[in-house]
Amino acid sequence: MEFRRSEQDLQFADAVRGFALRNLAEGALERAHARSYPKDVARLMAEQGLLGITIPEDAGGIGGRLFDAILAIEEIAAVCPRSADVIQAGNFGAIRVLAEFGSDQQKQTYLSQLLSGDAVIAIGMTEPEAGSAVTELKTTAEPVDGGFRLNGTKVFTSHMSDAAMILAYVRFGPGTQGIGSVLVDRKSDGVSLGKPVQSLGGETWSQLYLHDVFVPEQNVVLGEGGFKKQIAGFNVERLGNSARALALGRFAFDLARDHALERKQFGRPICEFQGLQWKFADMKVELEAARLLLYRAAINADNGFPSAEETAIAKLACNCAGFNAANEAMQIFGAAGYSQDNLIEYCFRRTRGWMIAGGSLEMMKNRIAENIFERRFSQRP
Ligand SMILES: Cc1cc2nc3c(=O)[nH]c(=O)nc-3n(C[C@H](O)[C@H](O)[C@H](O)COP(=O)(O)OP(=O)(O)OC[C@H]3O[C@@H](n4cnc5c(N)ncnc54)[C@H](O)[C@@H]3O)c2cc1C
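Only a predicted model underlies this, so the values are computations on that prediction, with no experimental measurement involved.

(A) Structural context of the packing of aromatic side chains. By the definition in use, this model includes nine aromatic pairs. Relative to Phe280, the ring of Phe253 has its centre 5.6 Å away and its plane inclined at 70°; by these criteria the two rings are edge-to-face. Taken together, the positions of Phe253 in helix H8 (residues 227–262) and Phe280 in helix H9 (residues 274–300) put the pair 27 residues apart, joining distant regions of the chain. Phe253 sits in the buried class, given a relative accessible area of 9%.

See below:
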């Protein structure tokens with residue numbers, strides 16, 4: 001077992017950090033408060049080979065490892081926390097499902113736009129009555145001549161205002177077996193957005209209404225029986241969520257450390273108060289333990305998708321460590337950390353959201369318990 005990064009990992013991380021310092025350090029605070037997806041950053045990252053890191057070369061990607069994409073999130077977030085979302089969208093989310101399960105035609109039409117940074121894709125899974133119980137989703141895909149007609153509503157979808165396309169989870173038939181996914185062009189007839197609302201994370205959320213939306217047969221990514229594959233792909237998304245939570249926690253920790261060295265109260269730097277030293281020690285242990293769990297899940301996944309159990313353990317640990325670090329960093333900063341003049345409060349808001357998104361902390365614990373007891377626990381009454 002090796003707990004050090006290899007020479008190759010260090011070189012890659014250095015190159016990404018250099019790119020971030022040259023291109024993203026300036027404007028990091030403004031980017032954090034911008035409502036829209038940073039497409040300019042996506043294009044720059046595409047040129048640098050930071051989109052499609054884990055996607056095979058013959059599909060237009062870089063052919064790297066999932067672990068490389070995790071390193072990229074860490075290095076980018078250390079300079080510009082908001083830009084880590086672009087690494088997520090360009091490597092971990094729906095893009096990975098499309099690259100793995102999409103047809104050649106889907107890859108040519110859609111994947112190329114995502115890899116160039118010209119477009120972003122949203123993942124429409126959650127519905128008003130189907131959150132944690134995602135298999136209760138109601139959006140239907142009825143077969144018609146040449147394709148399917150979709151009817152349903154999706155909620156809380158990241159990047160919905162900027163997305164050119166949506167990977168929508170739909171129901172072709174009853175039960176979990178009946179669930180699959182289709183690509184929906186945002187400009188299709190019958191697609192509309194509801195009233196915009198602001199999330200705590202700073203994003204604009206709008207409900208997505210699908211009213212008799214025609215989707216051609218060739219836009220089906222996973223048909224009936226595809227749910228298990230869809231969730232296997234979603235575990236990659238969860239590791240991206242975990243990596244960002246950890247990276248933003250670390251970002252806040254580093255700022256708080258510098259602050260504690262410089263800020264003086266009662267005539268001495270506040271790092272000299274043991275009450276604060278212990279906060280730092282606790283944060284460091286939590287952040288490092290979570291990082292090892294994240295690395296384990298990513299490195300073990302290099303021949304495919306990460307295991308559900310290792311992903312759940314990593315997500316739980318990273319979400320908690322990231323949020324706790326951001327929360328404690330805010331305390332250490334005092335009122336200055338509560339101000340939007342500073343990225344601490346941004347890290348606090350974003351890490352809080354990831355405890356709910358992509359499978360809540362409680363759902364991760366349910367998943368871990370199933371492995372402990374080696375049995376499935378139905379959550380239904
Ligand atoms: C920042 C953010 C980004 C998001 N992005 C997307 C996106 O891009 N696409 C998308 O489709 N969705 C997205 N979501 C929605 C997200 O997937 C859901 O919020 C999540 O699945 C939880 O569903 P819910 O909000 O309906 O809560 P509910 O499912 O109503 O849960 C409410 C509470 O009950 C708990 N709970 C529920 N069931 C159980 C159980 N069996 N055991 C123990 N506790 C339980 C939950 O953990 C939670 O604390 C996003 C959410 C957030 C916060």
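More follows now that the structure is in view.
(B) Region of the structure containing a nonpolar patch on the surface. Among the surface-exposed residues, Met1, Phe3 and Leu292 lie close enough to one another that they form a single nonpolar patch of about 450 Å² accessible area. Looking at the element boundaries, Leu292 is found in helix H9.

(C) Main features of the site of the ligand. For the ligand, the set of nearby residues contains 19 residues, the closest of which are Ile123, Thr126, Ser132, Ser360 and Glu362. Within the side chain of Ser360, an N or O atom sits 2.6 Å from an oxygen atom of the ligand. Between a nitrogen atom of the ligand and a side-chain N or O atom of Gln379, the distance comes to 2.8 Å. When the ligand is considered free in solution it has 970 Å² of accessible area, and contact with the protein chains removes 67% of it.

(D) Spotlight on the side chain of Arg82. Its place among the elements puts Arg82 in the loop between helix H4 (66–77) and helix H5 (84–91). By relative accessible area, which is 7% here, Arg82 ends up buried. The contacts of Arg82, once residues within four sequence positions are left out, are Arg31, Ala32, Ala34, Arg35, Ser36, Tyr37, Pro38, Tyr346 and Arg350.

(E) Region of the structure containing the environment of Glu362. With respect to the secondary-structure elements, Glu362 resides in helix H12 (residues 361–373). Residues Glu362 and Gly90 lie 272 residues apart in sequence; the distance between their C-alpha atoms is 27 Å.

(F) Representation of the pairing of strand E4 (residues 165–171) in the model. Most of E4 sits out of view: seven of its seven residues are buried. Of the two faces of E4, the one carrying Met165, Leu167, Tyr169 and Arg171 and the one carrying Ile166, Ala168 and Val170 are both buried. Two strands pair when backbone bridges link them, and strand E1 (residues 121–124) and E4 are joined in this way by four bridges, in the parallel orientation. Within E4, the position partnered with Ala122 by the bridge is Ile166.

(G) Layout of the pattern of salt bridges. Within the structure shown, the criterion is met by 21 salt bridges. Glu127 serves as the salt-bridge partner of Lys154, at 2.7 Å between the closest nitrogen and oxygen. Taken together, the residues Lys154 in strand E3 (residues 147–154) and Glu127 in the loop between E1 and strand E2 (140–144) connect sequence positions 27 residues apart. With relative accessibility at 0%, the residue Lys154 sits in the buried group. Taking the relative accessible area as the measure of exposure, Glu127 reaches 5% and is therefore buried. Taking the shortest distance from any N to any O, the salt bridge between Asp258 and Arg257 comes out at 3.1 Å.

(H) Seen up close, the environment of Leu66. Tracing the chain through its elements places Leu66 in helix H4. Look at Leu66 and you get buried, because its relative accessible area is 7%. Taking the C-alpha atoms as reference points, Leu66 and Ala325, 259 residues apart in sequence, are found 25 Å from one another.

(I) Geometry of helix H6 (residues 94–101). Across the eight residues that make up H6, a large majority, six, are buried. Turning to H6, its buried residues number three or more, namely Ala94, Ile95, Arg96, Val97, Leu98 and Ala99.

Cut-off values and rules
- Residues numbered from 1 in each chain as written.
- Predicted model: local features only at pLDDT ≥ 70, side-chain atom pairs only at ≥ 80, totals over all residues.
- Heavy atoms only, no water.
- Phe/Tyr/Trp six-rings, centres within 6.5 Å; stacked < 30°, edge-to-face > 60°.
- Helix = DSSP H or I, 4+ residues; strand = E, 2+ residues; numbered from the N terminus.
- Buried < 20%, exposed > 50% of the residue type's maximum accessible area, 1.4 Å probe, protein only.
- Patch = residues over 30% accessible without salt bridge, like charges linked within 9 Å, V, L, I, M, F, W, Y side chains within 5 Å.
- Areas by Shrake-Rupley, 256 points an atom, 1.4 Å probe, with all protein chains shown as cover.
- Salt bridge = Lys/Arg side-chain N within 4 Å of Asp/Glu carboxyl O.
- Near = heavy atom within 4 Å.
- Polar contact = N/O pair within 3.5 Å; in protein donor to acceptor, adjacent residues only side chain to side chain.
- Contact = heavy atoms within 4.5 Å.
- Pairing = 2+ DSSP bridges.

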